[in-house]
Amino acid sequence: MSKPKVTPDFAAQNGLDPANMPRHIAIIMDGNGRWAKSRGLPRVAGHKLGVDSVRAATKTCGKLGVEVLTLYAFSTENWLRPKDEVSELMRLLSWTLKREVSELDKNNVRLRASGRLDGLPKPVQDELSRGIEKLKGNTGLILNLALNYGSRQEIVDAVNALIREGAKEVDEAAIARRLYTAEFPDPDLVIRTSGEMRLSNFLLWQAAYAELYITPVLWPDFREQQLVDAVLDYQKRHRRFGGI
Ligand code: FPP
């Protein structure tokens, strides 16, 4: 995998150490509904503004030289939401993918998706395939959308793939190679907005040694400065990976 590069001026302006950037940032984007409710707006208004935060996170990660940004956009549990909200979210996803692909291209971004993608509505699947194809020659940030994603399901899918291949026994490397995220390094930093202290079935395997950063800021308000603050906090941590 070619390595995106940090913009030195951007790092310097923000007091960031360019030699200690997370390679993979994963975000649980939470709080869209509460953002809308507190303003007397329908929940979908929060999701719509959340798209602006997605754009900001993608651009900022590009400037930070981050290799992979994984965004938890729709979980396997999110199907339990009211039908109208689910269909609005799916429409928003396919529109956004369609509208943003050329901007992503200008920013040298590649696109990936992690999850049981065949369970998504056809228009979302189609826009994803088109986007992945159009951006495949780029060399910068990989934007990985977790869609119809559940970490336990992912591990089950990996083990079933191994069984189909005839495995009698598995090890960590064999499972890791069959996760949806096999081509990426594990996340170094997992961010959750809106103050909830949970992983909610997100990257349970991959985040084994990730640094966690939880902020009360709601996702629609999480922009460049808030992401820089999370990385500044990450750079203060002493990662031990179980050692001393
Ligand atoms: C969580 O807020 C947000 C989601 C489940 C959806 C996230 C989707 C987007 C930001 C839009 C599209 C994304 C992309 C990648 C184009 P919530 O509804 O759970 O908020 P609440 O906890 O306050 O109710």
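For the structure itself, look to the data block above.
Residues numbered from 1 in each chain as written. Predicted model: local features only at pLDDT ≥ 70, side-chain atom pairs only at ≥ 80, totals over all residues. Heavy atoms only, no water.

**Description of helix α3 (residues 43–64)**
No. 1: Across its 22 residues, α3 extends 31 Å between first and last C-alpha, which sits within 8% of the 32 Å expected from 1.5 Å per residue.
No. 2: Taken together, the buried positions of α3 are occupied by Val44, Gly46, His47, Gly50, Val51, Ser53, Ala56, Ala57, Thr58, Thr60, Cys61 and Leu64.
No. 3: With its phi angle positive at about 75°, glycine 65 sits one or two positions after the end of α3. (Helix = DSSP H or I, 4+ residues; strand = E, 2+ residues; numbered from the N terminus. Expected span 1.5 Å × (residues − 1). Buried < 20%, exposed > 50% of the residue type's maximum accessible area, 1.4 Å probe, protein only.)

**A word on the packing of aromatic side chains**
No. 1: Within this structure, the stated rule accounts for 7 aromatic pairs.
No. 2: With a centroid separation of 4.8 Å and 70° between ring planes, the pair formed by phenylalanine 74 and tryptophan 79 is classed as edge-to-face.
No. 3: With relative accessibility at 34%, the residue tryptophan 79 sits in the partly exposed group.
No. 4: Ring centres of tyrosine 209 and phenylalanine 241 lie 5.9 Å apart, and the angle between their planes is 50°; on these two criteria the pair is classed as tilted. Taken together, the residues span a long stretch of sequence, with tyrosine 209 in the loop between β5 (189–192) and β6 (211–214) and phenylalanine 241 in the segment after α8 (224–236) at a distance of 32 residues.
No. 5: The rings of Tyr72, Tyr149, Tyr180 and Phe202 are connected pair by pair, giving a single aromatic cluster. (Phe/Tyr/Trp six-rings, centres within 6.5 Å; stacked < 30°, edge-to-face > 60°.)

**Some thoughts on the site of the ligand**
No. 1: Looking at the ligand, there are 19 residues lining it, with Asp30, Gly33, Arg34, Arg43 and Arg81 nearest.
No. 2: A distance of 3.3 Å separates an oxygen atom of the ligand from a polar backbone atom of glycine 31.
No. 3: Within the contact set of the ligand, an oxygen atom lies 3.1 Å away from a backbone nitrogen or oxygen of asparagine 32.
No. 4: Coverage of the ligand by the protein chains reaches 92% of its 630 Å² of free accessible surface. (Near = heavy atom within 4 Å. Polar contact = N/O pair within 3.5 Å; in protein donor to acceptor, adjacent residues only side chain to side chain. Areas by Shrake-Rupley, 256 points an atom, 1.4 Å probe, with all protein chains shown as cover.)

**Some points on the sheet that holds strand β2 (residues 68–75)**
No. 1: Read from one edge to the other, the open sheet built from 6 strands follows the order β3-β4-β2-β1-β5-β6, with strand pairing classed as parallel. Unpaired on one side and paired on the other, β3 (110–114) and β6 mark the two borders of the sheet. Strand-to-strand, the axes of this sheet are offset by a mean angle of 20°, without reference to chain direction.
No. 2: Relative to β5, strand β1 (residues 24–28) runs parallel, the two sharing 4 bridges. Among the inter-strand pairings, isoleucine 28 is bridged to a residue of β5, identified as arginine 192.
No. 3: Contacts from helix α4 (residues 83–106) reach β2, β3 and β4 (142–149), with the element oriented near 155° to β2. (Pairing = 2+ DSSP bridges. Axes fitted to C-alpha atoms, helices over the stretch in contact; angles between N-to-C directions. Contact = heavy atoms within 4.5 Å.)

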